[in-house]
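Single-letter residue listing:
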Amino acid sequence: MYEDSRRLTHSPLAGMFREGYRELSYMLKGNPGPGGQPGSEAAVKPMDLPPDDLLARLGRTLRYASLREISGLERALMFLATTGNITPFIGLFGTVWGIMDAFHGIGMTGSANLGAVAPGIAEALIATAAGLAVAIPGVIGYNYFLNRIKGAATRMDLFSLELLGTAERIIHRAARG
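Residues numbered from 1 in each chain as written. Predicted model: local features only at pLDDT ≥ 70, side-chain atom pairs only at ≥ 80, totals over all residues. Heavy atoms only, no water.

1. Some thoughts on the pattern of salt bridges
One pass over the full model with this rule turns up six salt bridges. Here Arg7 and Asp4 are joined by a salt bridge, their closest N and O atoms 2.1 Å apart. Using a relative accessible area of 62% as the deciding quantity, one classes Arg7 as exposed. A salt bridge links Asp157 to Arg63; the shortest N-O distance between them is 3.8 Å. (Salt bridge = Lys/Arg side-chain N within 4 Å of Asp/Glu carboxyl O. Buried < 20%, exposed > 50% of the residue type's maximum accessible area, 1.4 Å probe, protein only.)

2. Describing helix H2 (residues 12-29)
When the terminal C-alpha atoms of H2 are compared, their 26 Å separation across 18 residues agrees well with the 26 Å that a helix rising 1.5 Å per residue should span. Elements in contact with the buried residues of H2: helix H1 (2-6), helix H3 (51-74) and helix H5 (114-176). (Helix = DSSP H or I, 4+ residues; strand = E, 2+ residues; numbered from the N terminus. Expected span 1.5 Å × (residues − 1). Contact = heavy atoms within 4.5 Å.)

3. Here we look at a nonpolar patch on the surface
Together, Phe89, Leu92, Phe93, Val96, Trp97 and Met100 give the surface a local cluster of nonpolar side chains, amounting to about 690 Å² of exposed area. Tracing the backbone through its elements, the reader meets Phe89 in helix H4 (residues 77-109). Since its relative accessible area comes to 58%, Phe89 is described here as exposed. (Patch = residues over 30% accessible without salt bridge, like charges linked within 9 Å, V, L, I, M, F, W, Y side chains within 5 Å. Areas by Shrake-Rupley, 256 points an atom, 1.4 Å probe, with all protein chains shown as cover.)

4. Details of the packing of H2 against H5
It is the contact of H2 with H5, at a shortest axis distance of 11 Å, that shows an interaxial angle of 25°. Regarding the angle of H2 to H5, the classification is roughly parallel. As H2 runs across H5, the sense of the crossing is right-handed. Of the residues in H5, those touching H2 at Pro12, Leu13, Met16, Phe17, Gly20, Leu24 and Leu28 are Arg155, Met156, Phe159, Ser160, Leu163, Ala167, Ile170 and Ile171. Per-class residue counts for the contact of H2 with H5 are twelve nonpolar, two polar and one charged. (Axes fitted to C-alpha atoms, helices over the stretch in contact; angles between N-to-C directions. Parallel < 35°, antiparallel > 145°, perpendicular 65-115°, else oblique. Left-handed = near helix turned anticlockwise from the far one by under 90°. Nonpolar A, V, L, I, M, F, W, Y, C, P; charged D, E, K, R; others polar.)

5. Overview of the nonpolar core
Core analysis: the biggest nonpolar cluster contains 23 residues, and Met16, Leu24, Leu28, Leu58 and Ile171 have the highest contact counts within it. If you list the elements that add at least two residues to this core, you get H2, H3, H4 and H5. In terms of residue count, the dominant contributor to this core is H5 (nine residues). (Core = buried A, V, L, I, M, F, W, Y, C linked by side-chain atoms within 4.5 Å.)

6. Digging into the confidence of the model for the protein chain
Mean pLDDT over the protein chain: 84, with 89% of residues reaching 70 or higher. The spread of mean pLDDT over the elements of the protein chain runs between H1, the lowest at 85, and H3, the highest at 91. Note on residues 38-46: pLDDT under 50 across the span, and 23 contacts to partners over four residues away in sequence or across chains. (pLDDT = per-residue confidence, 0-100.)

7. Let's talk about the packing of aromatic side chains
As enumerated under the stated definition, the model contains four aromatic pairs in all. Judged by centre distance (5.8 Å) and plane angle (35°), the rings of Tyr2 and Tyr21 are tilted. Here Tyr2, found in helix H1, pairs with Tyr21, found in helix H2; they are 19 residues apart in sequence, far enough to count as distant. The exposure class assigned to Tyr2 is buried, which follows from its relative accessible area of 10%. With centroids separated by 5.9 Å and ring planes inclined at 45°, the aromatic side chains of Phe93 and Trp97 adopt a geometry described as tilted. Here Phe93 and its partner Trp97 are both found in helix H4, four residues apart, which amounts to about one turn of the helix. Across this residue pair, the class does not change: Phe93 and Trp97 are exposed. Within the aromatic cluster, the residues linked to one another by ring pairs are Tyr2, Phe17 and Tyr21. (Phe/Tyr/Trp six-rings, centres within 6.5 Å; stacked < 30°, edge-to-face > 60°.)

See below:
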């Protein structure tokens, strides 16, 4: 399983498994095995630590690996969050600029006819539409990926519990044998 997990370089669960397996192997054997790779379960020799201490240590290792994986997944979300939050204000700024331009047109012509205000109002509407055209997909994308990351975090927590349960059985079996 360890060798198979090495091929899954983009899987957060595979990364967690490798970290947990290395830590468990190190705790029970005192080293990760020949050539720096974990050895087989059959060669397990328990260390002098109580099983609960070993499990707590493994739990910390899995938690660290989980947080590192989640942090990597969340790294790109900042761009979507910034885009979704700032572009409406950029559009609003363009709207204000366009309206100011319309008033400037009125001042230059001395008349509030359509020819004087139309260019400024058109600019205002285009700026508003552009801001919304960028902000709406940014917010939708942010929410979509945030939900996916939360789901991945839940799967990682469940995986940690499952791996800790398996490790508990291995550690108790090794402590008896």
